[in-house]
Amino acid sequence: MQQVRSQSSFAPSGSARLLPRPDVFPGTADELLSRWQASSAQMTDLVIRIMSAMPVVGGETPSSPAGREAHTGPVTTLMVRNIPLDCTQDMLVEAWQNEGTYDFLYLPRTSSGKINLGYAFINFTDEAGARGFRARWHRTGFPGFPRARLSVSIAGSQGQAANINELKAKSLGRLRARQCEPLIFLDGRRVELDEL
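Basis of the calculations
- Residues numbered from 1 in each chain as written.
- Predicted model: local features only at pLDDT ≥ 70, side-chain atom pairs only at ≥ 80, totals over all residues.
- Heavy atoms only, no water.
- Helix = DSSP H or I, 4+ residues; strand = E, 2+ residues; numbered from the N terminus.
- Buried < 20%, exposed > 50% of the residue type's maximum accessible area, 1.4 Å probe, protein only.
- Contact = heavy atoms within 4.5 Å.
- Areas by Shrake-Rupley, 256 points an atom, 1.4 Å probe, with all protein chains shown as cover.
- Arc of directions from axis to C-beta.
- Phe/Tyr/Trp six-rings, centres within 6.5 Å; stacked < 30°, edge-to-face > 60°.
- Salt bridge = Lys/Arg side-chain N within 4 Å of Asp/Glu carboxyl O.
- Pairing = 2+ DSSP bridges.

Q: Please clarify how the overall build of the chain should be interpreted in this entry.
A: Within the chain, the regular secondary structure consists of 4 helices and 10 strands. Each helix and strand of the chain, placed in order from N terminus to C terminus, yields the pattern β-β-α-β-α-β-β-α-β-β-β-α-β-β. Per-residue burial over the chain gives 31% buried out of 196 residues. A sequence separation of at least 24 residues applies to 59% of the contacts in the chain between residues at least 6 apart. Carbon and sulfur atoms form 55% of the exposed surface of the chain, whose accessible area is close to 12,600 Å².

Dropping the structure here:
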């Protein structure tokens, strides 16, 4: 009597390599990666929605970290996550054309300045500009990096002045390198952080 082995989702092949069965893991590797990225973006949105609905505990909410008052004015500053690490601020400016719609753009970089940290802050001159940007870029691929699905959410600091003050308080030394400087516009003219 021959013993029948029960099938698992993996079957040995050759020298103890395990390969997925096509009926358990359908699709190509690209399709699987795409599904994983989509579910990851959905999970991020779910976490943001849950955190936004959480009651205030000890004066802290996701949009107002401890030590800052809750923002009650218009939402103009957004945080963009999942930016490809090789992306530069110049690439952001090329993709996110500024026709007077935003007055602050900051892509934090590592201390060596070689790569970015995967997120950026952008402040719009009005709330409609911020809404339009989110509608256009949330969950979309970045030009040249189609697998990088951007996640756009409300930033903790709102407004150009608040973002500039936060930068001055935290990381002025690192900002001296050109590739680490934020883009700041006053009355349509680009200004350096030191000028403010």
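Q: Is there a simple way to explain unusual backbone geometry in this structure?
A: With the exception of glycine, the majority of residues adopt a negative phi angle, and the majority of peptide bonds are in the trans configuration. Non-glycine residue N82 carries a positive phi angle of around 70°. Of note, N82 is situated in the loop between strand 3 (77–81) and helix 2 (89–95). For N82, a relative accessible area of 43% corresponds to the partly exposed category. One non-glycine residue, R139, lies in the positive phi region at around 65°. Here R139 lies in the loop between helix 3 (127–137) and strand 6 (141–142).

Q: I would appreciate a short explanation of helix 4 (residues 160–170) in the present structure.
A: Note on helix geometry: an α-helix contains 3.6 residues per turn, so any two residues three or four positions apart are oriented the same way. Of the positions making up helix 4, those classed as buried are Q160, N163, I164 and L167. Projected onto a plane normal to the axis of helix 4, the buried residues spread over an arc of 100° and lie on a single side. Within helix 4, the exposed residues directed more than 90 degrees away from the buried face are A161, N165, A169 and K170. Buried residues in helix 4 make contact with strand 3, strand 4 (102–106), strand 5 (119–124) and strand 9 (183–186).

Q: What is the right way to look at helix 3 in this model?
A: By the burial criterion, the buried members of helix 3 are G129, A130, F133 and W137. Summarising the axial view, the buried residues of helix 3 lie within an arc of 100°, below the 170-degree limit, and thus occupy one face. Turned more than 90 degrees away from the buried face of helix 3, the exposed residues are R131 and A135. At its buried positions, helix 3 is contacted by strand 3, helix 2, strand 5, strand 6 and strand 8 (151–154).

Q: Looking at this structure, I do not really get the environment of G100. What am I missing?
A: If you trace the backbone, G100 turns up in the loop between helix 2 and strand 4. On a C-alpha basis, the gap between G100 and F185 in space is 8.7 Å, while along the polypeptide they are 85 residues apart.

Q: Before we go on, may I ask you to explain the packing of aromatic side chains in this structure?
A: Two measures describe an aromatic ring pair: the distance that separates the ring centres and the angle between the ring planes. Tallied over the full model, the rule gives 10 aromatic pairs. A centroid spacing of 6.1 Å and a plane angle of 70° characterise the contact between W96 and W137, whose relative ring orientation is edge-to-face. Residue W96 is found in the loop between helix 2 and strand 4, and its partner W137 is found in helix 3; the two are separated by 41 residues along the sequence. Exposure remark for W96: the relative accessible area of 3% places this residue in the buried category. Considering the side-chain rings of F142 and F145, the 6.4 Å spacing of their centres and the 40° angle between planes classify their relative orientation as tilted.

Q: In this structure, what is going on with the pattern of salt bridges? I would like to understand it.
A: Pairing of side chains with opposite charge becomes possible as their charged atoms draw close. Counted according to the given criterion, the structure contains 1 salt bridge. A salt bridge links E181 to R190, with the shortest nitrogen-to-oxygen separation between them at 3.8 Å. Among the residues examined, E181 registers a relative accessible area of 18% and is labelled buried. R190 gets classed as partly exposed once you look at its relative accessible area, which sits at 35%.

Q: What am I meant to see in the pairing of strand 3 here?
A: As a general feature of sheets, a regular strand has side chains that alternate between the two faces. Along strand 3, 4 of the 5 residues are buried, which leaves the element largely enclosed by surrounding structure. Where strand 3 lies against strand 5, 5 bridges are found, and the strand directions are antiparallel. Among the inter-strand pairings, R81 is bridged to a residue of strand 5, identified as Y119. Direction of pairing for strand 3 relative to strand 8: antiparallel, over a ladder of 4 bridges. Across the sheet, residue V80 finds its bridge partner in strand 8, namely V152.

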